[in-house]
Amino acid sequence: MAAQREVLIVLIERIVPERIRRAEYQAEISWTPIGKALLRAVAGTMDAAVA
Amino acid sequence: MTLPGSVPSSGLRCTSGVPRQASRRYLLTGLLYCPRCGERMHGNARMGRPGPTRSRLPMWRSSLSGALSTDSTCAWLAHGPRLETVVLAQVLPLVETVTSTEVGLRAALHRAWQAIQEPAGAATSAKAIARLEQEAGRARQRLTRAAVLYADAEIDRHGYELLRDQAHTDLVAAEVELERLSGIAPVPKLPDLEAVLRQAGRLVDRFARR
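Residues numbered from 1 in each chain as written. Chains lettered and ligands numbered in written order. Predicted model: local features only at pLDDT ≥ 70, side-chain atom pairs only at ≥ 80, totals over all residues. Heavy atoms only, no water.

A. Seen up close, the interface of chain A and chain B. With 35 residues of chain A in contact, the opposing surface of chain B contributes 47 residues. On the surface where chain A and chain B come into contact, there are 0 salt bridges. At the junction of chain A with chain B, the criterion picks out 5 residue pairs in polar contact (both at pLDDT 80 or more). Where the side of chain A that touches chain B is concerned, the elements lending two or more residues are α1 (2-11), β1 (12-21), β2 (24-31) and α2 (33-50) of chain A. The leading source of residues in the side of chain A that touches chain B is α2(A), at 11 residues. (Contact = heavy atoms within 4.5 Å. Salt bridge = Lys/Arg side-chain N within 4 Å of Asp/Glu carboxyl O. Polar contact = N/O pair within 3.5 Å; in protein donor to acceptor, adjacent residues only side chain to side chain. Helix = DSSP H or I, 4+ residues; strand = E, 2+ residues; numbered from the N terminus.)

B. Quick peek at helix α4 (residues 157-182) of chain B. Its 26 residues give α4(B) an end-to-end C-alpha distance of 37 Å, which sits within 8% of 38 Å, the value for a rise of 1.5 Å per residue. For α4(B), every residue scored as buried is listed here: G159(B), Y160(B), A167(B), L171(B), A174(B), L178(B) and L181(B). (Expected span 1.5 Å × (residues − 1). Buried < 20%, exposed > 50% of the residue type's maximum accessible area, 1.4 Å probe, protein only.)

C. Looking closely at the pattern of salt bridges. All names here are of chain B. In the structure shown here, the tally under the stated rule is 7 salt bridges over all chains. Where D170 meets R142, a salt bridge forms, and the shortest distance between an N and an O atom there is 2.9 Å. Linking D170 in helix α4 with R142 in helix α3 (residues 122-151), this pair joins segments that are 28 residues apart in sequence. With relative accessibility at 28%, the residue D170 sits in the partly exposed group. With relative accessibility at 35%, the residue R142 sits in the partly exposed group. Two residues, R164 and D165, come together in a salt bridge whose shortest N-O distance is 3.1 Å. R164 gets classed as partly exposed once you look at its relative accessible area, which sits at 30%. Relative accessible area serves as the criterion here: at 40%, D165 is assigned to the partly exposed category.

Set out below in structure tokens:
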């Protein structure tokens, strides 16, 4: 558990859940700079694959 | 469905003030904020409906009351495992992608990681800043030199004003450009990608074993 949390903390700064209906949720995730960088990097690799 | 890292039977509840993560028993502790009151959430056990199937449900709870406050309440509750499922559904695809061992993808990821830290024009901007700082320095020296020449009567007032105005114009131009360049977003400092990937891989490995 601690190891998993460490990974999430590296990637995620803040999560705000929202209940969309009974017992169903969505989550607004604020990423850390590293999380954002990974998202951008993955997006970059996808763009490169398409090009 | 039981997800790895799901809230165990004791659950979580929302707290205000300084985050408490001492127990480290819950996957999202310290990360969840209540959508209603904005306070941090924490795990808490909650008794299910009375009856033969009554059980302790793991819940994420927002509560401004309880031990922290007596005059306000926020009873926003969320089902622990379901909420964690939603969060992990967003995080795991990213983690699985970045920890892919596919050579081409890994190489592309490294290139993209490098590119983030060296955005186009960053090197050019650094050179421009160095050049402009030199120009500003030279303009200041010329201003000083003009004043000295005038004081020593080596140039007349008209000559002094010409030198001064030209040097001042150059100095202002350099400073304006320096100010513009300094407003450009700084290049992010990121850790070594392999270190990040190793850590991310621990999350994937843990889930894969279950």
